[in-house]
Amino acid sequence: MRQNGIHHVTAIAGPAQRNLDFYTRTLGLRLVKKTVNFDDPSTFHFYFGDEAGQPGTILTFFPWEHAAPGRLGIGETQETVFRVPEGSIGYWTHRLVEKGVSHEVPQKRFGETVLAFKDPDGMRLALVAVPGIEGEPAWSDGEVPVEHAIRGFHSVSLLLDKAAPTGAILTDVFGFTEIGREESVTRYKAGDTALGGIVDLREAGGFLPGRPGAGTVHHIAFRAENDEVQAQMVEKLLRNHGIRATEQKDRDYFRAVYFREPGGLLFEIATDAPGFAVDEPADALGQALKLPRFLEPNRPAIEAVLPKVA
Ligand code: ZN
């Protein structure tokens, strides 16, 4: 069956070193690519994910040393949610306390146990206990034991004035189905996709609009198996929803198009191929600063302006 769902989530962060430390050490994700923002090479672009950097595990950041904090509001991603094994919520609660991470007490949502917390920039994150995933491969460099390690995305939740127009894009273009409602939240699932297969739409009419800045999500990318499937999605967007996506952009690790969905969020459609091992060995992902070919001639100047990270 075709795998749909979330490809990656890209957010804005404050200082690069703090961002790197939180995601690789506190959360135990793998840095799968250290590159720059192709459109603004004076800024890093960090990709965190599982060992192979599979679609559905990738959270990426543009860290700006002096980014002003954003404000959560309508037309924004409210929360980015990771999967952990069912028995690991206790471990994670202790870990967040020990690391001084701001968090809530575990709560039930759609019958699942959810531990909500924030990253150092105030970005809203959560861990969901998922039964039966203990045996899934997981990355561990020793900070977080492999049995408790994060297993990719569970979901994202989007804060919207009206859920239906965004829901129509999810179901018609990205292969999702509505599977449940709880209070003001409608849950959509992408077939049998396990990693990043869920999107929750929270209707909150009357809220202020969001303001971009540190701690906010810049865009959400959905998966297309290949260029052909991406082109079909682009065609459907225009034909059925009157939305025109951008030209395809080569992001080296995937090929992307972008569009503004009816609720105001920036969506991307990213191809699964070629993946993160295209320009460095799989066992050395994230160690060297990688640049796209068109920026390689400027490497000395780029390295001179990027913040120093270790
Ligand atoms: Zn993206």
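Everything discussed here concerns the structure shown above.
Rules used throughout
Residues numbered from 1 in each chain as written. Predicted model: local features only at pLDDT ≥ 70, side-chain atom pairs only at ≥ 80, totals over all residues. Heavy atoms only, no water. Helix = DSSP H or I, 4+ residues; strand = E, 2+ residues; numbered from the N terminus. Rg over C-alpha atoms; globule rule 2.2 N^0.38 Å. Contact = heavy atoms within 4.5 Å. Areas by Shrake-Rupley, 256 points an atom, 1.4 Å probe, with all protein chains shown as cover. Lys, Arg positive; Asp, Glu negative; His and termini not counted. Charge placed at Lys NZ, Arg CZ, Asp CG, Glu CD. Core = buried A, V, L, I, M, F, W, Y, C linked by side-chain atoms within 4.5 Å. Buried < 20%, exposed > 50% of the residue type's maximum accessible area, 1.4 Å probe, protein only. Donors = N, O, S within 2.8 Å, 3.2 Å for Na, K, Ca; no water. Polar contact = N/O pair within 3.5 Å; in protein donor to acceptor, adjacent residues only side chain to side chain. Pairing = 2+ DSSP bridges. Axes fitted to C-alpha atoms, helices over the stretch in contact; angles between N-to-C directions. Phe/Tyr/Trp six-rings, centres within 6.5 Å; stacked < 30°, edge-to-face > 60°. Lys NZ or Arg CZ within 6 Å of the ring centre and 35° of its normal.

**Observations regarding the overall build of the protein**
Looking only at helices and strands, one finds five helices and 16 strands in the protein. For a compact globule of 310 residues, the expected C-alpha radius of gyration is about 19 Å, and the protein comes in at 18 Å, within 12% of that figure. Viewed in the frame of its principal axes, the protein has a C-alpha envelope of about 50 × 45 × 40 Å. Of the contacts formed within the protein by residues at least 6 apart in sequence, a portion of 67% connects residues at least 24 apart. A total of about 13,200 Å² of accessible surface is found on the protein, and carbon and sulfur atoms cover 52% of it. Here the protein holds 33 positive side-chain charges and 42 negative ones, and the gap between their average locations is 3 Å.

**Comments concerning the nonpolar core**
Core analysis: the largest hydrophobic core is formed by 64 residues, its most contacted members being Y23, L27 and F174. Not counting residues within four places of it along the chain, the set of residues in contact with L27 comprises F22, F82, W92, F117, L125, V144 and I150. I58, A221, Y258 and L266 belong to the second largest nonpolar core, which has 12 residues in total.

**What about the coordination of the zinc ion?**
Protein coordination of the zinc ion is provided by H8 (NE2), H219 (NE2) and E268 (OE), with donor distances spanning 1.9 to 2.0 Å. The sequence pattern formed by the donor residues of the zinc ion is H-x210-H-x48-E. Here H219 lies in strand β13 (residues 217-224) and H8 lies in strand β1 (residues 6-13), a separation of 211 residues in the sequence. Residue H8 is classed as buried on the basis of its relative accessible area of 2%.

**Digging into the side chain of K33**
By the element assignment, K33 lies in strand β2 (residues 30-37). For K33, a relative accessible area of 0% puts it in the buried group. If near-sequence neighbours (up to four positions away) are discounted, K33 is found in contact with H45, F46, Y47, Y253, F276, D279, E280, L285, G286 and K290.

**A look at the environment of T57**
Along the chain, T57 falls in the loop between β3 (40-49) and β4 (58-63). On the basis of relative accessible area, T57 is assigned to the buried category, the value being 3%. In sequence terms T57 and T43 are 14 residues apart; their C-alpha atoms lie 22 Å from each other. Not counting residues up to four positions away in its chain, the partners in contact with T57 are H7, F48, G49, D50, G152, F153 and L195. At 3.2 Å, the side chain of T57 and the backbone nitrogen of D50 are in polar contact. Within polar-contact distance, the side chain of T57 engages the backbone oxygen of Q54 at 2.8 Å.

**Quick word on the sheet that holds strand β8 (residues 124-130)**
On the basis of which strands lie adjacent, the open sheet formed by eight strands has the order β6-β7-β8-β5-β9-β12-β11-β10 and mixed pairing. The sheet is open, and its two borders are formed by β6 (107-109) and β10 (176-182), each paired with just one other strand. Sheet twist, expressed as the mean angle between neighbouring strand axes with direction ignored, is 30°. Bridge count between strand β9 (residues 153-160) and strand β12 (residues 198-203): six bridges; the pairing is parallel. Along β12, the bridge assignment pairs L160 with E203. Lying over the sheet, helix α2 (residues 89-98) contacts β5 (76-85), β7 (112-118) and β8, oriented at roughly 15° with respect to β7.

**Thoughts on the packing of aromatic side chains**
The tally for this structure, following the rule as stated, stands at 20 aromatic pairs. Considering the side-chain rings of F62 and W64, the 6.4 Å spacing of their centres and the 40° angle between planes classify their relative orientation as tilted. Residues F222 and F267 carry aromatic rings whose centres are separated by 4.9 Å and whose planes lie at 65° to one another, so their mutual orientation is edge-to-face. Of this pair, F222 sits in strand β13 while F267 sits in strand β16 (residues 266-274), placing them 45 residues apart in sequence. Taking relative accessible area as the criterion, F267 reaches 0% and is therefore assigned buried. Ring-pair connections join several aromatic residues into one group, and the members of that group are F22, Y23, F44, F46, F48 and F61. Positioned above the aromatic ring of F110 is the side chain of R187, whose terminal nitrogen or guanidinium carbon lies 4.1 Å from the ring centre.

**Overview of the pairing of β9**
Sheet faces and side chains relate simply in a regular strand, where the side chains alternate between the two faces. Most of β9 is tucked away: eight of the eight residues are buried. Two strands pair when backbone bridges link them, and β5 and β9 are joined in this way by six bridges, in the antiparallel orientation. Bridge pairing in β9 links E76 to L159.

**Considerations on the sheet that holds β4**
Spatially, the eight strands line up as an open sheet ordered β2-β3-β4-β1-β13-β16-β15-β14, and their pairing is mixed. With one partner strand each, in any of the chains shown, β2 and β14 (249-250) form the two edges of the open sheet. As judged from the six bridges shared by β1 and β4, these two strands associate in the parallel manner. In the sheet register, I12 faces β4, and the bridge partner there is F62. This element, helix α1 (residues 16-26), spans β1, β2, β3 and β4 of the sheet and lies at about 10° to β3. Along the sheet, helix α4 (residues 227-241) contacts β13, β15 (254-260) and β16; its crossing angle with β16, the most-contacted strand, is approximately 160°.

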